[in-house]
Amino acid sequence: DCRAVGSPEPVVLIRHRLVTVTIFPGEPDSAGRDTPAARTEASTEASTPQMDPGRIAQVIVTDTNGATRLRGSGYRVTNDTVLTAAHLVPDGIVQVRLGFGDAEWIAPAAVAWADDAVDVAVLRFEPPGEAPVVAPVRYGRITTRPAIVAVETAGFPLFKSYIGESQDAIIRDLAYLQGTTSSLANLRSGTLEINMDPPGPDPRGRSPWAGMSGAPVWAEGRIVGVLTRHNMQDGLGRMVAARIERFLTGLPAGQELLPSLLDLGQPVELAEVPAPEPERASPYMQQIRELIPAGGLLDRERELAELAAFCH
């Protein structure tokens, strides 16, 4: 609605379970009424959804005999790369499965870049002819200010497994999850704590989150992290994610391959999430600007001081 009338987008912050929405008015017309701008075709950035289901990847690792060794999640961040967790793909034959139903396709993939310390990897693949062409995603960093930030993620966890119609295959369905992260949690380890509604315990004693590793963590239309593990001692409602800034900023010499793989410029600049509140000009100064002539006031310090005192 704000874009439709030419106003800046609202700023939404969640701190300590308090939601603050800041809405900025548009410029009034000469009649004192807001003039709605004509609706035009939305820009690519505005029309792109925060998370495209067709770009959510299932990462499948098999041995040379074709037996499945590991299953994980990922996201197609450029036209030919998938972002995932590094511990999923140390060796073996790697495939990425994208799309659903008749639009599903599978492609072999290779590890193009990996950081075992942060537990993040980039897989490169050759998209088939029927695969849609996609644009690079945007990235951000969770603010260092105390804040509770709304996040979302999607992947293929163990608790979404079921037996297929043929009775001879185990299917893992997609889980789309919303939750929060605290900007102050896990500061010592440099990771993100992702809080979500907990699934039920697995009857075999495994983590029900198995398979979610590599899933992207989104906030305000940007990827801010990658899910890497579930610590059982944290309970069923928490997972750990690698922070994007841990491997995208401050890269040492010779590591320029990663930004080029992700279609990013150098140096890599990450937007703060949530965006900081814009500085507000004093309403009294705005009143003064409306009263002062276009050429300003010259040699009128006393009158200007009286005007400022009147406005206060």
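Look up: the structure comes first, before these words.
In short, a report on the structure. All figures in this text were calculated on a predicted structure; none of them were measured in a lab.

Thresholds, definitions, all that
- Residues numbered from 1 in each chain as written.
- Predicted model: local features only at pLDDT ≥ 70, side-chain atom pairs only at ≥ 80, totals over all residues.
- Heavy atoms only, no water.
- Helix = DSSP H or I, 4+ residues; strand = E, 2+ residues; numbered from the N terminus.
- Buried < 20%, exposed > 50% of the residue type's maximum accessible area, 1.4 Å probe, protein only.
- Contact = heavy atoms within 4.5 Å.
- Areas by Shrake-Rupley, 256 points an atom, 1.4 Å probe, with all protein chains shown as cover.
- Pairing = 2+ DSSP bridges.
- Axes fitted to C-alpha atoms, helices over the stretch in contact; angles between N-to-C directions.
- 1 Å grid on protein atoms, 1.4 Å probe; cavity = no way out; pocket = protein on both sides within 12 Å on 5 of 7 lines; lining within 4 Å.
- Points joined across faces, edges and corners; volume = space filled by probe spheres on them.
- Parallel < 35°, antiparallel > 145°, perpendicular 65-115°, else oblique.
- Left-handed = near helix turned anticlockwise from the far one by under 90°.
- Core = buried A, V, L, I, M, F, W, Y, C linked by side-chain atoms within 4.5 Å.

1. With respect to the overall build of the protein chain
Right, on to step 1. When its secondary structure is counted, the protein chain shows 5 helices and 18 strands.
Right, on to step 2. The proportion of buried residues among the 312 residues of the protein chain is 39%.
Right, on to step 3. If you take every contact in the protein chain between residues at least 6 apart in sequence, the share linking residues at least 24 apart comes to 61%.
Right, on to step 4. Split by element, the accessible area of the protein chain, about 17900 Å² in all, is 52% carbon and sulfur.

2. Here we look at the environment of Ala135
Right, on to step 1. Position of Ala135 among the secondary structure elements: in the loop between β8 (120-125) and β9 (140-142).
Right, on to step 2. It is 9.5 Å that separates the C-alpha atoms of Ala135 and Arg76, two residues lying 59 residues apart in sequence.
Right, on to step 3. Not counting the four nearest positions on each side in its chain, Ala135 is found in contact with Arg55 and Val77.

3. Section: the sheet that holds strand β7 (residues 105-115)
Strand pairing in a sheet takes place through backbone hydrogen bonds and is either antiparallel or parallel in direction.
Right, on to step 1. An order of β3-β4-β5-β8-β7-β6 is seen for the 6 strands of this closed barrel, with the pairing classed as antiparallel. Recorded for the sheet is a direction-independent mean angle of 40 degrees between the axes of neighbouring strands.
Right, on to step 2. Here β7 runs beside β8; their pairing, made up of 6 bridges, is antiparallel. Among the inter-strand pairings, Ala110 is bridged to a residue of β8, identified as Arg124.

4. A look at unusual backbone geometry
Right, on to step 1. Val273 connects to Pro274 through a cis peptide bond whose omega is -5 degrees.
Right, on to step 2. Turning to its location among the elements, Pro274 is positioned in the loop between β18 (271-273) and α4 (283-291).
Right, on to step 3. Despite not being glycine, Asp119 has its phi angle at roughly 70 degrees, a positive value.
Right, on to step 4. Accessibility expressed as a relative area gives 14% for Asp119, which makes it buried.
Right, on to step 5. You will see that Asn186, though not glycine, has its phi angle at about 60 degrees, which is positive.
Right, on to step 6. Assignment of secondary structure puts Asn186 in the loop between β13 (175-182) and β14 (191-196).

5. Remarks on the layout of surface pockets
Right, on to step 1. In this model, the second largest pocket occupies a volume close to 430 Å³.
Right, on to step 2. Lining the second largest pocket are 22 residues, and of these Leu158, Arg172, Arg206, Ala210 and Gly211 lie nearest its centre.
Right, on to step 3. Every element with two or more residues in the lining of the second largest pocket is listed here: β4 (68-78), β11 (161-163) and β12 (170-172).
Right, on to step 4. Sort the elements by how many residues they give to the lining of the second largest pocket and β4 lands first, with 4 residues.

6. Considerations on the packing of α4 against helix α5 (residues 301-311)
The relative placement of two packed helices comes down to the angle between their axes together with the axis-to-axis distance.
Right, on to step 1. Put simply, α4 and α5 touch, their axes get as near as 9 Å, and they point 130 degrees apart. Classed by the angle they form, the pair α4 and α5 counts as oblique. The handedness of the crossing between α4 and α5 is right-handed. Of α5, the residues touching α4 (which contributes Tyr284, Gln287, Ile288 and Leu291) are Leu304, Leu307, Ala308 and Cys311.

7. Structural notes on the pairing of strand β10 (residues 148-155)
Right, on to step 1. Buried residues dominate β10, accounting for 6 of its 8 residues.
Right, on to step 2. The pairing of β10 with strand β15 (residues 216-219) spans 2 bridges and is antiparallel. When the sheet's bridge partners are listed, Glu152 is paired in β15 with Trp218.

8. Observations concerning the nonpolar core
Right, on to step 1. Core analysis: the largest hydrophobic core is formed by 25 residues, its most contacted members being Tyr75, Val77, Val120, Tyr139, Ile223, Phe247 and Leu248.
Right, on to step 2. Of all the secondary structure elements, the ones that give two or more residues to this core are β4, β8, β16 (222-229), α2 (245-248) and α3 (257-261).
Right, on to step 3. When near neighbours in sequence (up to four residues on either side) are disregarded, Val120 contacts Leu83, Thr84, Ala85, Ala86, Trp113, Ala114, Asp115, Val226, Ala242 and Phe247.
Right, on to step 4. In terms of nonpolar packing, the next biggest core, distinct from the first, is built from 19 residues, Val151, Ala175, Ile194 and Ala215 among them.

9. Considering the environment of Leu70
Right, on to step 1. On the secondary structure map, Leu70 appears in strand β4.
Right, on to step 2. Here Leu70 falls in the partly exposed class, since its relative accessible area comes to 32%.
Right, on to step 3. Put simply, Leu70 and Leu88 are 18 residues apart on the chain and 6.6 Å apart in space, counted from C-alpha to C-alpha.
Right, on to step 4. Not counting residues up to four positions away in its chain, the partners in contact with Leu70 are Val59, Ile60, Val61, His87 and Leu88.

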